[in-house]
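An overview of the molecular structure
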Amino acid sequence: DPQQLELATSGKRKLRRFIVIDEVVDELYGSKVREYFEENNVQHKILALPTTEETKSMDLVLNILQEVQNFSIDRRTEPIIAIGGGVCLDIVGLAASLYRRRTPYIRVPTTLLSYVDASVGAKNGVNFLQCKNKLGGYTPPVASFLDRSFIQSIPRRHISNGLGEILKMALMKHKGLFDLLKSHGKYLLDTKFQSYSGSANHGDAALQTTRIAIETMLEELAPNLWEDDLDRLVDFGHLISPELEMRVLPSLMHGEAVNIDMAFMTYVAHVRGLITAEEKEQIIQCMRGLELPVWHGGCSWPLIKRALMERLKHSGGQPRMPLPTGLGVAEIFNDTSEETLERAYKLWVRD
């Protein structure tokens, strides 16, 4: 907006920004963030918070809003900035959407998972009554700033965790992405998704992988941003995982729980005759190569049944089960019998 630009550069009014940053990210990058705002003569308030699945609640949202109110922002021209992983982006998105009915916000993802998942789309939310993201809304950010250099400081397990969501998009929509993960998975883990000039054998696997993952995610989300259509391929890995993740907190990270769900559903697809034994094995081996868990003791048969019952409640009485029908192709099914699910479960546990 030329008018806003004029106002900002004329010196008539000092730029002001309210920033919420995850406390771990603050320890690593907080001084650089402060330096940036100081050098650009921006009046700022930085709120460092513990943003984890356990603290992802309305209490934290209200805490943020109290600070926003104290700082007193202009809701049209002063977007709230969220710097952190997916939980941080979700909480701040909800806080911004509630403040004066809708205040603009900017997402700056700092983990691989948030880079390819939480940075894309309109959803935000918090956990409620031991249920994942039970409270939330659809308010897209005004921008997402993507910088892979943040990823170099996160632990290897967190990178593996993000690879779970990338693999989801590969299995549902993109055979080329699946092949990239199969061939370069270990390299991506070792190099923490950084691009090096000496990585000729790998092309720029980090750039290609993240770009394709985000593009395929956008292809799925953009036409259905408000989830008017409940048949969503991006729900692969998200039928059982919400129940499992909340049940075993904090032992499983989000992408790990999603991968366990995907591993089980891969067996369901195989038992249904949608994929061959060889394709099933390729998928499971790729998961192992990405250092993702393919099974968890907490994922019991009663938990699976309970999770699928919960799914029916929230998806118009249909399971709407996305399943691979090959490598990189998928469909949504509503006719998987309990007998098929139980056979798949027994085979999965045996393996």
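Residue positions are given per chain, counted from 1 along the sequence in the order it is written. For this predicted model, a pLDDT threshold of at least 70 governs which residues receive local features, and a threshold of 80 or more governs which side-chain atom pairs are given and counted, while totals over whole chains, interfaces and linings are taken from all residues. Here the side-chain values reflect all heavy atoms present in the structure, with hydrogen atoms and water set aside.

Turning next to unusual backbone geometry. The amide bond that connects Leu249 to the next residue, Pro250, takes the cis arrangement and shows omega of 0 degrees. Think of it this way: any DSSP run of H or I at least four residues long counts as a helix, any run of E at least two long counts as a strand, and we number them from the N terminus. Summarising the element assignment, Pro250 is placed in the loop between helix H9 (241-248) and helix H10 (254-271). Phi at Leu129 takes a positive value of approximately 55 degrees, unusual for a residue other than glycine. In this fold, Leu129 is placed in the loop between strand E5 (123-128) and strand E6 (131-138). Note on exposure labels: buried denotes an accessible area under 20% of the residue type's maximum, exposed denotes more than 50%, and partly exposed covers the range between, all computed with a 1.4 Å probe on protein chains only. With a relative accessible area of 64%, Leu129 lands in the exposed category. Phi at Glu227 is positive, roughly 55 degrees, even though this residue is not glycine. One can find Glu227 in the loop between helix H8 (205-221) and H9.

Within strand E3 (residues 80-84), 5 of the 5 residues are buried, which leaves the element mostly enclosed by the surrounding structure. Judged by which residues are buried, E3 turns out to be covered on both faces: Ile80, Ala82 and Gly84 on one side and Ile81 and Ile83 on the other are all buried. The sheet contact formed by strand E1 (residues 16-22) and E3 spans 4 bridges and is parallel. Bridge pairing in E3 places Val20 opposite Ala82. Inspection of the sheet shows E3 paired to strand E4 (residues 105-109) by 5 bridges, in the parallel sense. Directly across from Ala82, in E4, lies its bridge partner Arg107. At least two DSSP bridges between two strands are needed for those strands to be called paired.

As a further point, take helix H13 (residues 338-350). A helix is expected to reach a length of 1.5 Å times the quantity of its residues less one. The terminal C-alpha atoms of H13, which comprises 13 residues, lie 18 Å apart, in line with the 18 Å expected from a rise of 1.5 Å per residue. Among the residues of H13, Thr340, Leu341, Ala344, Tyr345 and Trp348 are the ones counted as buried. Here the buried residues of H13 occupy an arc of 135 degrees about the axis, which is enough to place them on one side. Residues of H13 that are exposed and point over 90 degrees away from its buried face: Glu339, Lys346 and Arg350. Each element contacted by the buried residues of H13 is listed here: H10, helix H12 (301-314) and strand E8 (321-324). This arc is taken over the directions from the axis of the helix to the C-beta atoms. Residues are treated as being in contact if the distance between any of their heavy atoms lies within 4.5 Å.

The subject of this paragraph is the domain arrangement of the chain. These domain boundaries are the output of an automatic or database domain assignment. Taken domain by domain, the chain holds domain 1 (13-152) and domain 2 (156-224 + 231-350). Here the C-alpha centre of domain 2 lies 27 Å away from the C-alpha centre of domain 1. Of the residues lining the interface, 20 residues belong to domain 1; the matching set on domain 2 comes to 28 residues. As a working definition, buried area equals the accessible area (1.4 Å probe) given up by two parts on being put together, with both sides summed. Taking both partners together, domain 1 and domain 2 bury about 2000 Å²; carbon and sulfur atoms supply 68% of that area. It is Leu112, Leu113 and Arg148 in domain 1 that bury the most area against domain 2; as a group they hold 31% of the surface buried on that side.

UniProt positions are given in the numbering used here, feature names are shortened, and annotations may be inferred rather than shown by experiment. On the UniProt side, "domain: 3-dehydroquinate synthase N-terminal" (unreviewed entry) is annotated at positions that read residues 48-160 here. The span residues 48-160 is 35% helix and 25% strand, and its two end C-alpha atoms sit 25 Å from each other.

A separate point is the side chain of Lys280. Of note, Lys280 is situated in helix H11 (residues 277-289). Under the relative-accessibility criterion, Lys280 is labelled buried at 6%. Filtering out sequence-adjacent residues up to four positions away, Lys280 remains in contact with Thr266, Tyr267, His270, Ile275 and Asp351.

Every other side chain in a regular strand lies on the same face of the sheet, so the side chains alternate between the two faces. Where burial is concerned, most of E4 is hidden: 5 out of the 5 residues are buried. Residues Tyr105, Arg107 and Pro109 line one face of E4 and the alternating positions Ile106 and Val108 line the opposite face, and both faces are buried. Chirality of the crossover, the property in question, places the unit of E3, helix H4 (residues 86-98) and E4 among those that are right-handed. Place the viewer so that the strands point away; then a crossover is right-handed whenever the path from the first strand over the helix to the second strand goes clockwise.

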